[in-house]
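Okay, here's what each chain looks like letter by letter:
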Amino acid sequence: MEETCENKTEIVYKNKKEISAEQIELADTVKRVHAKLRDDMQNVNADFKQIWADHLKSEEVLKQYSESMRDLATLHWTKLEKEDVTTSRILWTRQKIHQYFYQDGLHNQCTRDRNRFERNGISNVDNSEKFNRFPSSVEDPVRLKLLDVGSCYNPLSKFSELDVTAIDIAPVYENNVYKSDFLALDISDSSEICGRELVSLAKESFQIVVFCFLLEYFPATTPRYECCAKARQVLQENGILIIL
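Residues numbered from 1 in each chain as written. Predicted model: local features only at pLDDT ≥ 70, side-chain atom pairs only at ≥ 80, totals over all residues. Heavy atoms only, no water.

Colleague: Teacher, can you tell me more about the packing of helix 1 (residues 21-42) against helix 2 (residues 48-57) here?
Modeller: Pairs of packed helices are described in terms of their axes, by the angle between the two and the distance that separates them. Interhelical geometry of helix 1 versus helix 2 gives an angle of 150° and a closest axis separation of 10 Å. Taken together, helix 1 and helix 2 sit at an angle that is classed as roughly antiparallel. Relative to helix 2, helix 1 is oriented so that their crossing is right-handed. Taken together, the residues of helix 2 that come into contact with helix 1 (itself represented by Val33, Leu37, Asp40 and Met41) are Phe48, Ile51, Trp52 and His55. Residue composition of the contact of helix 1 with helix 2, by class: six nonpolar, one polar and one charged. (Axes fitted to C-alpha atoms, helices over the stretch in contact; angles between N-to-C directions. Helix = DSSP H or I, 4+ residues; strand = E, 2+ residues; numbered from the N terminus. Parallel < 35°, antiparallel > 145°, perpendicular 65-115°, else oblique. Left-handed = near helix turned anticlockwise from the far one by under 90°. Contact = heavy atoms within 4.5 Å. Nonpolar A, V, L, I, M, F, W, Y, C, P; charged D, E, K, R; others polar.)

What follows is the structure, encoded as structure tokens:
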């Protein structure tokens, strides 16, 4: 829970005794970054592009945010996963990917699309069976190309069936995360990597795009829409955008 007054944000916890001091400190770091962006947008004549540009220059703030998110996820949220796997955003995402590509999710969606096209008198739509299902062997599945935007520490890379490209404005480099601002990322005919920075992505080069806590990071609707539109550009036909 957050209480905001006069551009100052106080973080309030209902069950503080059940949360460790370290977890509270990490959560405070994350929440205050979000609050600062929201507060800046509430100012008169606020310009998101300028606010975002200034935010990207705050390297120490971004570093603290990234490390706090990593530690929250790997040191604290994993404890909840052991008690109840349904609390795991990573396992939930993997489950939805399996349902869509290796089970009947994609097939069912293609069927619904065909029915909708027919009802609206739309013809000559390529929605053929070749898109309807991937080989379902979990032991040796077809690897799916996945773009993880705002990845932080690349948690999805541990699943062998996923070929993950992970990007973040403040990446944890040791986990093979590329530095990139998705809003400014160039979408072209080919992907380009310069050192540890992703410069451009090829059009229609992924079957899955994941936004985990990404859209809530932005304090305005326009960049959220722009991210979704850009995701559509890099997705292959019948690909899927997963938003958490």
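Colleague: Whenever I open this one, the packing of helix 4 (residues 89-102) against helix 5 (residues 105-119) confuses me. Can you help?
Modeller: The interhelical angle for the contact between helix 4 and helix 5, taken along N-to-C directions, is 60°, at an axis separation of 4 Å. One element, helix 4, and the other, helix 5, form an angle in the oblique class. Between helix 4 and helix 5, the residues in contact are Gln99, Tyr100 and Phe101 and Gly105, Leu106 and Gln109, respectively. By residue class, the composition of the contact of helix 4 with helix 5 is three nonpolar, three polar and no charged.

Colleague: Mind showing me how you'd approach the pairing of strand 9 (residues 206-211) here?
Modeller: When you tally the buried positions in strand 9, you get six out of six residues, the bulk of the element. Strand direction decides the pairing type here: strand 3 (residues 144-149) and strand 9, joined by four bridges, are parallel. Following the sheet pairing, Asp148 is matched in strand 9 by Val210. In the sheet, strand 9 pairs with strand 10 (residues 235-243) via five bridges, with the strands oriented parallel. The residue of strand 10 that forms the bridge with Ile208 is Ile240. (Buried < 20%, exposed > 50% of the residue type's maximum accessible area, 1.4 Å probe, protein only. Pairing = 2+ DSSP bridges.)

Colleague: Just checking my understanding: could you explain the pairing of strand 8 (residues 197-202) for this structure?
Modeller: Side-chain direction in a regular strand flips from residue to residue, so the side chains alternate between the two faces of the sheet. Relative to strand 8, strand 6 (residues 186-188) runs parallel, the two sharing three bridges. The residue bridging Asp186 from the neighbouring strand is Ser200, located in strand 8. Linkage of strand 7 (residues 192-194) to strand 8, two consecutive antiparallel strands, is achieved through a turn of two residues, within which Gly195 is found at a positive phi near 65°.

Colleague: Please clarify how the environment of Arg70 should be interpreted in this entry.
Modeller: As for its position among the elements, Arg70 is in helix 3 (residues 59-83). Not counting chain neighbours up to four residues away, the residues in contact with Arg70 comprise Cys152, Tyr153, Val172 and Glu174.

Colleague: How should the nonpolar core be read in this particular structure?
Modeller: One recurring pattern in soluble globular proteins: nonpolar side chains tend to sit buried together. Leu147 and Phe211 are the most contacted members of the largest nonpolar core, which totals 38 residues. Going through the elements one at a time, helix 1, helix 2, helix 3, strand 3, strand 8, strand 9 and helix 6 (221-234) are the ones with two or more residues in this core. Dropping the residues within four chain positions of it, Leu147 is found in contact with Thr165, Ile167, Phe182, Leu201, Phe206, Ile208, Val209, Val210 and Val234. Listed in part, the 20 residues of the second largest apolar core include Tyr100, Leu146, Leu162 and Val210. (Core = buried A, V, L, I, M, F, W, Y, C linked by side-chain atoms within 4.5 Å.)

Colleague: Even after reading the chapter, I still don't get the side chain of Ser188, so can you show me in this structure?
Modeller: Assignment of secondary structure puts Ser188 in strand 6. A distance of 3.0 Å separates a polar atom in the side chain of Ser188 from the backbone oxygen of Ser190. If sequence neighbours within four positions are ignored, Ser188 has contacts with Ser200, Leu201, Ala202 and Lys203. (Polar contact = N/O pair within 3.5 Å; in protein donor to acceptor, adjacent residues only side chain to side chain.)

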